[in-house]
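Next come the chains, spelled out residue by residue.
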Amino acid sequence: MLHIENLKVFHGPIEAVRGISFSVKEGQCVSLLGPNGAGKTSTISAITGVAKSTGTITLKNDDLTKLPVESRICKGIALSPEGRRVFANLSVEENLRLGGAHQKEGLADCIAEWFDTFPILGERRDQAAGTLSGGEQQMLAIARALMAEPHILLLDEPSLGLAPKIVTQIFKMIGALKDKGMTILLVEQNATQALRLSDYAYLLNNGRIVAEGTAETLGSNDTLMAELTGLT
Amino acid sequence: MEYIAQQMMNALSFGAEYALLALGLAIVFSIMGLVNFAHGEIIAVGGYTMVAMTSLALSNPLIVIGVAVIAATFASVTLERVAFRPVRYADPTTGLLTAFGVSIVLQNLFLLLVSPRPIAVTSLYFLEWPIDLGSIRISSLQLFETITTIAVIIAMTLFLRRTVLGLAMRAAALDFEMVRLTGIRANRVFAAAFMISGLLAGIACVFIMARRGSVDPHLGFDPVLKAFVACVVGGFGSLPGAVLGGFLLGAIEVAMLVMLPQSLGGMTDAFVFGIVAMLLIWRPEGILTPRREKGDKQ
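Scoring rules and cut-offs
Residues numbered from 1 in each chain as written. Chains lettered and ligands numbered in written order. Predicted model: local features only at pLDDT ≥ 70, side-chain atom pairs only at ≥ 80, totals over all residues. Heavy atoms only, no water. Helix = DSSP H or I, 4+ residues; strand = E, 2+ residues; numbered from the N terminus. Contact = heavy atoms within 4.5 Å. Areas by Shrake-Rupley, 256 points an atom, 1.4 Å probe, with all protein chains shown as cover. Axes fitted to C-alpha atoms, helices over the stretch in contact; angles between N-to-C directions. Parallel < 35°, antiparallel > 145°, perpendicular 65-115°, else oblique. Left-handed = near helix turned anticlockwise from the far one by under 90°. Nonpolar A, V, L, I, M, F, W, Y, C, P; charged D, E, K, R; others polar. Buried area = accessible area lost by both parts, 1.4 Å probe. Salt bridge = Lys/Arg side-chain N within 4 Å of Asp/Glu carboxyl O. Polar contact = N/O pair within 3.5 Å; in protein donor to acceptor, adjacent residues only side chain to side chain. Core = buried A, V, L, I, M, F, W, Y, C linked by side-chain atoms within 4.5 Å. Buried < 20%, exposed > 50% of the residue type's maximum accessible area, 1.4 Å probe, protein only. pLDDT = per-residue confidence, 0-100. UniProt positions renumbered as here; feature names shortened; annotations may be inferred. Patch = residues over 30% accessible without salt bridge, like charges linked within 9 Å, V, L, I, M, F, W, Y side chains within 5 Å.

## Comments concerning the overall build of chain B
Scanning chain B for helices and strands turns up 11 helices and four strands. Overall size of chain B, expressed as C-alpha extent along the three principal axes, is 55 × 50 × 35 Å. Counting contacts in chain B only where the partners sit at least 6 residues apart, residues at least 24 apart contribute 75% of the total. A total accessible area of about 13,500 Å² is found for chain B, and carbon and sulfur atoms account for 70% of it.

Right under this line is the structure:
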């Protein structure tokens, strides 16, 4: 599905990602794990085209490398970004409408479906998104991304800044999405939770992939897990 | 009583003109952080189009108005494409300098290619009819101006609330990158912003021309300066703020014209800007400051 080859990302003179390659197969949930500053978000930004990068990015055999942000989204990539970035001045419903902007038909049905899935969003459909709680905003950000009916969903730190109880809810929701067959690339600092959902994981540090493997192999590697979770 | 009603009508029509122009400035600013000082030249394009139409012996006022508004809209979209698109993601200062540059180039083009002198346009005669509303007498211009502006504001509100492009423009004021990340093309949003801005300038141009009766290369300077002040008073980048600021400025201006003694007549603007300065001491960021926080709650 998504294939990344020798990706390098620069922020000015700083090389944030130093030539990584990985792929996400259809229906898989793949995690990019690693500490702060490892290059996880830079990788995501390169995939969406927001950050300048070298290397090749292909989605379903389509080369995305030279396409602008909007075209990549239309090709089937959707992002729930770090920090959620819901449109605070727009209502919940308007946020979802924008998410489905390039969907021609069935927009209203699609929105209604999300309100059924998350009754709390339905209750607050006319409320400004900025007034929602962090967890609700995260749900909205994911729902907004899925309104585009993407081939692959990029989730950047969905658990960031949320209470543990809410984090569990969010991960449950991601699990449900995966069970429905959604292909997911998950970026997380919360390695334990992320590995529970993932089929495969890559561990990034300093802009390089330092370890990779199935969730079971990585999860059973105690030294690695201790490093990842910060428990030594 | 009648005198007060008459002056309120004056204030409304002054305010309507400022509100139209301020809204045009604010919609571009809210999206790309650009203070478009070339807005005045868009108005002049409309004015010169009217001159051209008249010299082509087309004097039907509806056609003249229609073509002038279309010309202004087209000019605005062209400026975006030619001048502002290349500096879109550059530093705000670069955009500001570009706007000044465009403004100077256009003014000099009018000077060289047309004439530095005012040229009269007479085809807007139907905006000079007096209308009696009970005991007060207003000009048809005031009535048209107020009604048109109200209609424009309603149409804008519907556009910004109901259409996807309108929603995208509101969202873009907060987080443009995220709008692109929903798959909406940035070019479309920018072009739409300039198109609306030009359309509003074109409509305002009709009223400015009806009031002044002639066009010269600096036609738009004064109105846009006032519109800029209206934006600042209302809260720069806020669309409702621009409208509010426009009407407020119109009211202050008419109040000063009425209340100042004859001998201080030439100082009206000084007093108006003095009051504006005081307003800004009270609310340094304008009355309706747009919220700038990104999605997450702070």
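## Considering the packing of helix α9 (residues 221–234) of chain B against helix α11 (residues 268–282) of chain B
Residue and element names in this part refer to chain B. One way to put it is that α9 packs onto α11 with a least axis distance of 10 Å and a crossing angle of 20 degrees. Regarding the angle of α9 to α11, the classification is roughly parallel. Considering how the two elements wind past one another, α9 and α11 form a crossing that is left-handed. Across the interface between the two elements, K226, V229, V232 and V233 of α9 pack against D269, F273, V276, L279 and L280 of α11. By residue class, the composition of the contact of α9 with α11 is seven nonpolar, no polar and two charged.

## Thoughts on the interface of chain B and chain A
In this assembly, 24 residues from chain B lie in contact with 29 residues from chain A. Between chain B and chain A, a total of about 2,400 Å² is buried, with carbon and sulfur atoms accounting for 58% of that surface. For the chain B face of the interface with chain A, the top three residues by lost area are M178(B), L181(B) and T182(B), together amounting to 24%. Here chain B and chain A share four salt bridges between them. The shortest N-O distance in the salt bridge between E70(A) and R180(B) comes to 3.0 Å. The interface formed by chain B and chain A holds seven residue pairs in polar contact (both at pLDDT 80 or more) in total. Taken together, the elements giving at least two residues each to the side of chain B that touches chain A come down to α5 (140–162), α6 (164–172) and α7 (176–180) of chain B. With five residues, the single largest contributor to the side of chain B that touches chain A is α6(B). Across the side of chain B that touches chain A, the residue classes tally to 10 nonpolar, four polar and 10 charged.

## Some details on the nonpolar core
The nonpolar side chains of a soluble globular protein tend to be buried with one another. Within the largest apolar cluster, 124 residues are counted, with the highest numbers of intra-cluster contacts made by L2(A), F22(A), I47(A), L185(A), M50(B), M169(B) and V189(B). Ignoring any residue separated from it by four or fewer positions in sequence, one finds F22(A) in contact with L2(A), H3(A), I4(A), L32(A), T43(A), I47(A), L185(A), Y202(A) and I209(A). In terms of nonpolar packing, the next biggest core, distinct from the first, is built from 46 residues, L132(A), L177(A), A211(A) and L224(A) among them.

## A closer look at the environment of V30(A)
Along the chain, the position of V30(A) falls in strand β3 (residues 29–33). Contact partners of V30(A), with chain neighbours within four places excluded, come to S23(A), V24(A), I184(A), L185(A), L186(A), Y200(A) and Y202(A).

## Let's talk about unusual backbone geometry
The bulk of non-glycine residues show a negative phi, and the bulk of peptide bonds are trans. Residues and elements named next belong to chain A. Positive phi, close to 70 degrees, is recorded for N61, a residue that is not glycine. Following the sequence through the fold, N61 ends up in the loop between β4 (53–59) and β5 (62–63). In the Ramachandran plot, R84 falls in the positive-phi region, its phi being about 70 degrees despite a non-glycine side chain. By secondary structure assignment, the location of R84 is in the loop between β6 (77–80) and α3 (92–99).

## Overview of the pattern of salt bridges
In the structure shown here, the tally under the stated rule is 17 salt bridges over all chains. Of the charged contacts in the structure, one is a salt bridge between R125(A) and E93(A), with a shortest N-O distance of 3.2 Å. Here R125(A) is found in the loop between α5 (119–123) and α6 (134–146), whereas its partner E93(A) is found in helix α3, with 32 residues between them in sequence. Overall, the relative accessible area of 33% leaves R125(A) in the partly exposed class. Residue E93(A) is classed as partly exposed on the basis of its relative accessible area, which comes to 22%. Its salt-bridge partner being K226(B), residue E253(B) comes within 3.6 Å of it at the nearest N-O pair.

## A short note on the environment of A191(B)
All names here are of chain B. On the secondary structure map, A191 appears in helix α8 (residues 186–212). The exposure class assigned to A191 is partly exposed, which follows from its relative accessible area of 22%. It is 16 Å that separates the C-alpha atoms of A191 and A38, two residues lying 153 residues apart in sequence. If near-sequence neighbours (up to four positions away) are discounted, A191 is found in contact with V77 and E80.

## What to know about the confidence of the model for chain B
All names here are of chain B. Put simply, chain B has an average pLDDT of 89, and 97% of its residues get 70 or more. This model gives residues 293–298 a pLDDT under 50, and the stretch forms 17 contacts once residues within four places in sequence are excluded. Model confidence for the complex is summarised by a pTM of 0.88, with the ipTM given as 0.90.

## A short note on the UniProt feature "transmembrane region" (unreviewed entry) in chain B
Residues and elements named next belong to chain B. As annotated by UniProt and renumbered to match this structure, "transmembrane region" (unreviewed entry) occupies residues 18–38, 50–75, 95–114, 147–169, 189–208, 228–252 and 264–282. The span residues 147–169 is 96% helix and 0% strand, and its two end C-alpha atoms sit 25 Å from each other. Structurally, residues 228–252 is divided into 84% helix and 0% strand, and its ends, taken at the C-alpha atoms, are 15 Å apart.

## Overview of a nonpolar patch on the surface
Residue and element names in this part refer to chain B. Together, Y3, I4, M8, L257, V258 and M259 give the surface a local cluster of nonpolar side chains, amounting to about 640 Å² of exposed area. Counting only elements with at least two residues in the nonpolar patch, the list comes to α1 (2–32) and α10 (239–259). Its location among the elements puts M8 in helix α1. With relative accessibility at 55%, the residue M8 sits in the exposed group.

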